[in-house]
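Structural description and commentary
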Amino acid sequence: MGFEFPPYRPPSEAYSMLIRVTRNCPWNRCAFCIMYKGQKFSRRPVEDVKNDISMAAEVYGERPTMFWADSNSIILKTGELEEILDHTYKVYPNLERITSYARAKTILHTKTVEELRRLSEAGLTRLHLGLETGDDWLLKFINKGATAEDMVKAGRMVVESGIHLSEYVILGLGGAERSEMHARETAKVLNQIDPAFIRVRTLIPIPGTPLHEVFEKGVLHLGSPLGVLKETRTLIADLEVNSEFLSDHVSNYLPVNGKLPEDKDDMLEFLDSNIELLEVDPETGKKLLQPEYLRRL
Ligand code: SF4
């Protein structure tokens, strides 16, 4: 039927109508990522995107939410994005949410707060940003192409525009060696941004990526489950935000979820009891963690 299906979406968009606005990733250099490797970035013509939007209900069945792929569709000109939003709400007047992935550096280079506000008013409700870490050393090491300061600036712009911001963090990203620094610096960045959502994933180095080689060669050593839980504890303990904290990914060892700051004590208590169990009775403690075969799905 000529509809173009996007290859990736966040887990929280599993039930959304998926619209491919751009193809692949214009950066494509993060050391941990294999999603669009070997694929060239391109912008789809706005008319093609609008045609797909008109067909989306036939493909997915009409649903209350929509997600724009691929990795950085905010890169389109503000006027083009407004045209797509306008068309979307004409076709689906009852749509409750439209979301997209975005890169911090792209926001800084291609948008002003005023433009983001225009997009918010036109109905772009949420942006998903890969912070990964707030540790400048680690951001450079993984070739994220943005500093902690860039992350804070871009994140603040989104928050100020009224678009809900979802920031992604990769637990274990700095291995055992960088664990504490990773947690503390990430909390510092998130505290300055105060996003609506903080979503964590736990690192699984993917063969074929530069980061996999780093761990294979022993430049860094993968954190143990206990180490990752302690890192999560440090991160949450340092957070001073008004955010929904979600472990909504199969790679995580434990479902640590809650609203901050209200649920912070409960979340820390949950982590403490599992950390203690892993320390005193590792065999029983391991049984409560997500099994490795499920983490890799
Ligand atoms: S993590 Fe995102 S920005 Fe980085 S290469 Fe992958 S898709 Fe592109």
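Within every chain, residues take consecutive numbers counted from 1 along the sequence as written. With the structure being a predicted model, the display of local features is reserved for residues of pLDDT at least 70 and the display and counting of side-chain atom pairs for 80 or more, all residues being used for whole-chain, interface and lining totals.

**Looking at the nonpolar core**
What makes a nonpolar core is a set of buried Ala, Val, Leu, Ile, Met, Phe, Trp, Tyr and Cys residues, with links drawn between C-beta atoms within 7 Å. Any residue with 12 or fewer other C-beta atoms within 10 Å of its own C-beta is exposed, any with 20 or more is buried, and the rest are partly exposed; the C-beta atoms used are placed from the backbone. The biggest cluster of nonpolar side chains holds 64 residues, and the ones touching the most others in it are Ile-19 and Val-158. Residues are treated as contacting if the C-beta atoms built from their backbones sit within 7 Å of each other. Setting aside its immediate chain neighbours within four residues, Val-158 contacts Ile-107, Leu-116, Leu-127, Ile-163 and Leu-165.

**Thoughts on the packing of helix H9 (residues 225–238) against helix H10 (residues 264–280)**
Angles shown run from 0 to 180 degrees and are taken between the N-to-C directions of axes, each axis being a line fitted to C-alpha atoms and, for helices, limited to the stretch in contact. Note on conventions: DSSP H or I runs of at least 4 residues are helices, E runs of at least 2 residues are strands, and numbering of each starts at the N terminus. At their nearest, the axes of H9 and H10 sit 10 Å apart, and the two run at 160 degrees to each other. The orientation of H9 with respect to H10, classified from their angle, is roughly antiparallel. Of the two elements, H9 crosses H10, and the hand of that crossing is left-handed. For the pair H9 and H10, contact is made by Pro-225, Leu-226, Leu-229, Lys-230, Thr-232, Arg-233, Ile-236 and Ala-237 and by Lys-264, Met-267, Leu-268, Leu-271, Asn-274, Ile-275, Leu-278 and Glu-279, respectively. All amino acids are sorted into three groups, where Ala, Val, Leu, Ile, Met, Phe, Trp, Tyr, Cys and Pro are nonpolar, Asp, Glu, Lys and Arg are charged, and the leftover types, Gly among them, are polar. Split into classes, the residues belonging to the contact of H9 with H10 amount to ten nonpolar, two polar and four charged. Working definition: roughly parallel below 35 degrees, roughly antiparallel above 145 degrees, roughly perpendicular at 65 to 115 degrees, and oblique for all remaining angles. Handedness of a crossing is defined here by the sense of rotation of the near helix relative to the far one, left-handed for an anticlockwise turn of less than a right angle and right-handed for a clockwise turn.

**Details of the packing of helix H6 (residues 148–161) against helix H7 (residues 179–193)**
Two elements in contact, H6 and H7, have axes separated by 8 Å at closest approach and are oriented at 30 degrees. In terms of their interaxial angle, H6 and H7 are classed as roughly parallel. Remark: the crossing between H6 and H7 carries right-handed chirality. From H6, Ala-148, Met-151, Val-152, Gly-155, Arg-156 and Val-159 reach across to H7, where they touch Glu-185, Val-189, Gln-192 and Ile-193.

Function cannot be read off these values alone, since they describe shape.
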